[in-house]
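Structure at a glance
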Amino acid sequence: MIVTAWTGIFAQNDVLLTHYFEVPSFYNPAATGLTDLVRIRAGSRLQWVGIDNAPVAFVGVADTPFKLGSKRFGAGVAVRQEKTGLFTDLGVSLQLSYKLKLLGGILSVGIQPGILSDKFRGSEVFIPDDDDYHEETDEAIPRSDVSGTAFDLGAGVWYTRRAFWAGVSCTHINGPRVSFSSENSSSGEEKLRTYEFGPARTLYLMTGGNIAIKNTLFEVMPSMLVMTDFTYTRAIATARFRYKKLISAGVGYRHDDAVSLTLGVDYKGFYFGYAYDYPITEISHASSGSHEIFAGYSVKLDLSDKNRHKQKSIRIM
């Protein structure tokens, strides 16, 4: 006999990157096509090194500006994959933004349709006999490999004026839910259990700027990212210094989580960045910290009417 039953919803949040300032379009589709560069960034975050089955995330973004008549647009793609224990979360999104002049700056409005794909390797679940928190027959845990997909939607606005920028966005606006079923056996009775995984609607606020230090080759680049799903809130504040638009270094603070060190190099269109987060909570007793490595490349596009196809590589501005 097979009995169908509803088990519950499991929620997760997007990965919060210390390199958020290098991949703004990952959080806000309106941040695509902000310059005359085709930009590609990809990297990985190793969370809480030293803890078994800790989250490992991969993120990749690419965006480009383009024109239709006299109108300016941005287009991009964002890919992420995060593995935590037996759970794998994959998201792929397309991005489109429209630019218009406003108050001496540029206002960008963007939208981001995408697909979520979640997988849980229930066939690999192992519960030790001396586990005081779980039972071998725990019906809340799928005991076979299950997976599913769902449509995802995000949107945002972004404003740039001289050396200042700021953006507000919301991801998972439609409240996507990935549903799948698993047959669990209990007391000789087969039960078809239904599960749901889904990210919470999340609001992001990003702001920052580039401030040149007079009569020097240095710039100060402060920035901040705040995220909230209205239940859980996190903030990152970062202060970076850049020399000759070539080498950058900075420190950051992740609210109630960690302090960060960031290093970056831009050379002839190529980018390499590293970040280390040292935990300041009790988790420091089990983990040596978190690491991020990012790399990328940029190519300049000539969007003028005189030469629409001329391209050259430049250092990222």
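Residues numbered from 1 in each chain as written. Predicted model: local features only at pLDDT ≥ 70, side-chain atom pairs only at ≥ 80, totals over all residues. Heavy atoms only, no water.

Quick word on the side chain of Asp152
Mapped onto the elements, Asp152 comes out in strand E7 (residues 145-161). Nearest to the buried, unbridged Asp152 among oppositely charged side chains is Arg80, at 5.2 Å. Separated by 3.0 Å, the side chains of Asp152 and His172 make a polar contact. Among residues more than four places away in sequence, those in contact with Asp152 are Gln112, Pro113, Gly114, Leu116, His172, Asn174 and Pro176. (Helix = DSSP H or I, 4+ residues; strand = E, 2+ residues; numbered from the N terminus. Buried < 20%, exposed > 50% of the residue type's maximum accessible area, 1.4 Å probe, protein only. Lys, Arg positive; Asp, Glu negative; His and termini not counted. Salt bridge = Lys/Arg side-chain N within 4 Å of Asp/Glu carboxyl O. Polar contact = N/O pair within 3.5 Å; in protein donor to acceptor, adjacent residues only side chain to side chain. Contact = heavy atoms within 4.5 Å.)

A word on the side chain of Asp14
Along the chain, the position of Asp14 falls in the loop between strand E1 (2-12) and strand E2 (37-49). According to the relative accessible area criterion, Asp14 is buried, its value standing at 13%. A distance of 3.2 Å separates a polar atom in the side chain of Asp14 from a polar atom in the side chain of Tyr204. Leave out the neighbours within four places in its chain, and Asp14 touches Arg80, Thr171, His172 and Tyr204.

Quick notes on the confidence of the model for the chain
For the chain, mean pLDDT is 86; residues scoring 70 or higher make up 83% of the total. Throughout residues 308-317 the model reports pLDDT below 50, and contacts reaching past four residues in sequence, or to other chains, amount to 36 contacts. (pLDDT = per-residue confidence, 0-100.)

Things to note about the packing of aromatic side chains
Given two aromatic rings, one states the distance between the centres and the angle between the planes to describe the pair. Counted according to the given criterion, the structure contains eight aromatic pairs. Here Phe73 and Tyr98 contribute two aromatic rings whose centre-to-centre distance is 5.3 Å and whose plane-to-plane angle is 50°, an arrangement assigned as tilted. Note that Phe73 is positioned in strand E4 (residues 71-84) and Tyr98 in strand E5 (residues 87-102), a separation of 25 residues in sequence. With a relative accessible area of 17%, Phe73 lands in the buried category. For Tyr98, a relative accessible area of 30% gives the class partly exposed. Judged by centre distance (5.0 Å) and plane angle (40°), the ring pair of Phe218 and Tyr243 falls under tilted. (Phe/Tyr/Trp six-rings, centres within 6.5 Å; stacked < 30°, edge-to-face > 60°.)

So, unusual backbone geometry
Despite not being glycine, His172 shows a phi value in the positive range, around 60°. Structurally, the position occupied by His172 is in the loop between strand E8 (164-171) and strand E9 (178-186). The phi dihedral of Phe230 is positive, around 70°, even though this residue is not glycine. Looking at the element boundaries, Phe230 is found in the loop between strand E13 (218-228) and strand E14 (233-243). Phe230 gets classed as exposed once you look at its relative accessible area, which sits at 64%.

Quick word on the pattern of salt bridges
In the structure shown here, the tally under the stated rule is 11 salt bridges. The salt bridge involving Glu22 is made with Arg39; its shortest N-O contact spans 3.3 Å. Here Glu22, found in the loop between E1 and E2, pairs with Arg39, found in strand E2; they are 17 residues apart in sequence, far enough to count as distant. One connected set of salt bridges, linked through shared partners, spans Arg45, Arg254, Asp257, Asp277 and Glu292.

Focus: the pairing of strand E15 (residues 247-254)
Of the two faces of E15, only the one carrying Ser248, Gly250, Gly252 and Arg254 is buried; Ile247, Ala249, Val251 and Tyr253 on the other face are not. Of the pairings in the sheet, the one linking E14 to E15 comprises eight bridges and is antiparallel in character. Across the sheet, the residue bridging to Thr238 is Gly252, located in E15. From the end of E15 to the start of strand E16 (residues 258-267), which pair antiparallel, there are three residues, and Asp256 there has a positive phi angle of about 55°. (Pairing = 2+ DSSP bridges.)

A few points about the pairing of E2
Where E2 meets strand E18 (residues 289-301), 11 bridges bridge the pair, whose relative direction is antiparallel. Considered in E18, the bridge of Gly43 is made with Phe294. Relative to strand E3 (residues 56-68), E2 runs antiparallel, the two sharing eight bridges. Across the sheet, residue Ile40 finds its bridge partner in E3, namely Ala62. The antiparallel pairing of E2 with E3 creates a hairpin that spans six residues between the two strands, and Gly50 there sits at a positive phi of about 110°.

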